[in-house]
Amino acid sequence: MKHPFLISLILACSLSCAPEPSFVQLVDANATEATKTFYKNLQDLQGKGLMFGHQATLEYGYTWTQADLAPGELRSDVKDVTGSFPSVYGFAVNAVVNLSWDEERREAARQRQFAWDKGIAERGGVITYEWHMPHPDGGRSFYDTTAVVHRIIPGGDLHDVLKTNIDHAAAYFKMLEAENIPILFRPWHEHNGDWFWWCKGSTSEDDFIALWRFTVDYLKNEKDVHNLIYAYSPDRSRINIDDFKTGYMWGYPGDEYVDLIGLDNYWDLGHPANPTPADEQLVNLRRSLEYTVNIADSKGKIAALTETGLEAIPNPRWWTDIMLSSILHNDTTKRISYFLVWRNANRARENRDHFYVPYPGQVSAENFVEFKNHPFVLFEDELPDLYGRR
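Summary of the structure given here.

Conventions adopted
Residues numbered from 1 in each chain as written. Predicted model: local features only at pLDDT ≥ 70, side-chain atom pairs only at ≥ 80, totals over all residues. Heavy atoms only, no water. 1 Å grid on protein atoms, 1.4 Å probe; cavity = no way out; pocket = protein on both sides within 12 Å on 5 of 7 lines; lining within 4 Å. Points joined across faces, edges and corners; volume = space filled by probe spheres on them. Helix = DSSP H or I, 4+ residues; strand = E, 2+ residues; numbered from the N terminus. Nonpolar A, V, L, I, M, F, W, Y, C, P; charged D, E, K, R; others polar. Expected span 1.5 Å × (residues − 1). Buried < 20%, exposed > 50% of the residue type's maximum accessible area, 1.4 Å probe, protein only. Salt bridge = Lys/Arg side-chain N within 4 Å of Asp/Glu carboxyl O. Axes fitted to C-alpha atoms, helices over the stretch in contact; angles between N-to-C directions. Left-handed = near helix turned anticlockwise from the far one by under 90°. Contact = heavy atoms within 4.5 Å.

### Details of the layout of surface pockets
Any space left empty among the atoms is revealed by the rolling of a water-sized probe across them.
Okay, step 1: Within this model, the largest pocket holds a volume of roughly 1,300 Å³.
Okay, step 2: Lining the largest pocket are 43 residues, and of these His-132, Tyr-143, Trp-342, Arg-343 and His-354 lie nearest its centre.
Okay, step 3: Top element by residues in the lining of the largest pocket is helix H4 (residues 103-123). It accounts for four residues.
Okay, step 4: Within the lining of the largest pocket, the residues separate by chemical class into 19 nonpolar, 12 polar and 12 charged.

### What about helix H2 (residues 33-45)?
Okay, step 1: Over its 13 residues, H2 runs 18 Å from end to end, which matches the ideal 18 Å to within 8%, given 1.5 Å per residue.
Okay, step 2: Among the 13 residues of H2, 11 are classified as buried, and the element is accordingly described as predominantly covered.
Okay, step 3: Considered for burial, the residues of H2 that qualify are Ala-34, Thr-35, Lys-36, Thr-37, Phe-38, Tyr-39, Lys-40, Asn-41, Leu-42, Asp-44 and Leu-45.
Okay, step 4: Of the residues one or two after H2, Gly-47 is the one with positive phi, at around 85°.

### Thoughts on the pattern of salt bridges
Okay, step 1: According to the stated counting rule, one finds 31 salt bridges in the structure shown.
Okay, step 2: Across the salt bridge formed by Arg-140 and Asp-144, the nearest N and O atoms sit 2.5 Å from each other.
Okay, step 3: Taking relative accessible area as the criterion, Arg-140 reaches 35% and is therefore assigned partly exposed.
Okay, step 4: Through salt bridges with shared partners, one network takes in Glu-103, Arg-106, Glu-107 and Arg-110.

### Points about the packing of helix H9 (residues 278-299) against helix H10 (residues 318-327)
Okay, step 1: In the contact formed by H9 and H10, the axes pass within 9 Å of each other and the chain directions differ by 35°. Both H9 and H10 take part in a crossing whose hand is right-handed. Two secondary-structure elements touch here, H9 through Leu-282, Leu-285, Arg-286 and Leu-289 and H10 through Asp-321, Ile-322, Ser-325, Ser-326 and Ile-327.
Okay, step 2: Classifying every residue of the contact of H9 with H10 by side-chain character gives five nonpolar, two polar and two charged.

Structure follows, in structure tokens:
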């Protein structure tokens, strides 16, 4: 069993609590000091420890929903099994920017999310937001792949729809900025696929780059948001592993528009559509991690496995034998700063087994605890001071 205080003390010795601004080059030249400090400490942590993340971990679990909790009570399937919250919390911008809701409902959602985010930062956890923005032409599902990117970038007839959505997101990010809370922001993810309206299957590379650049420029230059760290994350399933960099760079908006080099990879972890034998998938997972880190290192940026997992986790030793062994494979793969697995859908509400961390009694729960207790792995209760507040 690791001792959290000793782990934090050892790691803290290698982290900078008050870096000089000149050491940190972010997309946003006017990033807050808190954001620069946070990013520098994330850089320094690379290769020394692995942060674990879970999407929607506070929102619901396999056997519970918010209706089961007392006001202000926090629960997570991760904590139920391991005794700690994850170190990285994944949330959706949709949770606070849903323009189909009335203002009263949106405000209630904002206040709940704001309380969660403040609490996470106070405990030393890391917050990341992705954005499944509804289809801009009528607010249909983000899975509607009707071509629309050319209509929302500057000059398009729906450009104001994009700006309105960003305006609402910016207002929430400014609330967090006022509390000195930096955010890993991951917009337009998995863009090299064909399942979202902003994906390669529905837009040109030039239009996607224009969308990304406008989003960043509008947030920092027009909306005065300066607490965002911008994460780029294509999907592994659409990248040829033997020509990784070429596939990875489709739609890359430029080094001046990206802070974090990420990869979403379910493909090499037993995805049902991948016919590759399991042993070869494991090799390809390790290759994909190494290639991602190499790209990040060449650009002086942080690397992360921004979304991953195996649905329902049927392998009882998946956490250590697949994920951890791959990240510990060599000194390069060890520089992955964190990996985040997807959400635990509520079984009773959604009537399906769609979960990515174990709940108590699940077949991989014991191995999940073993994974948590590995000296290289960091959950929230073992994180060093990434914010420079202590």
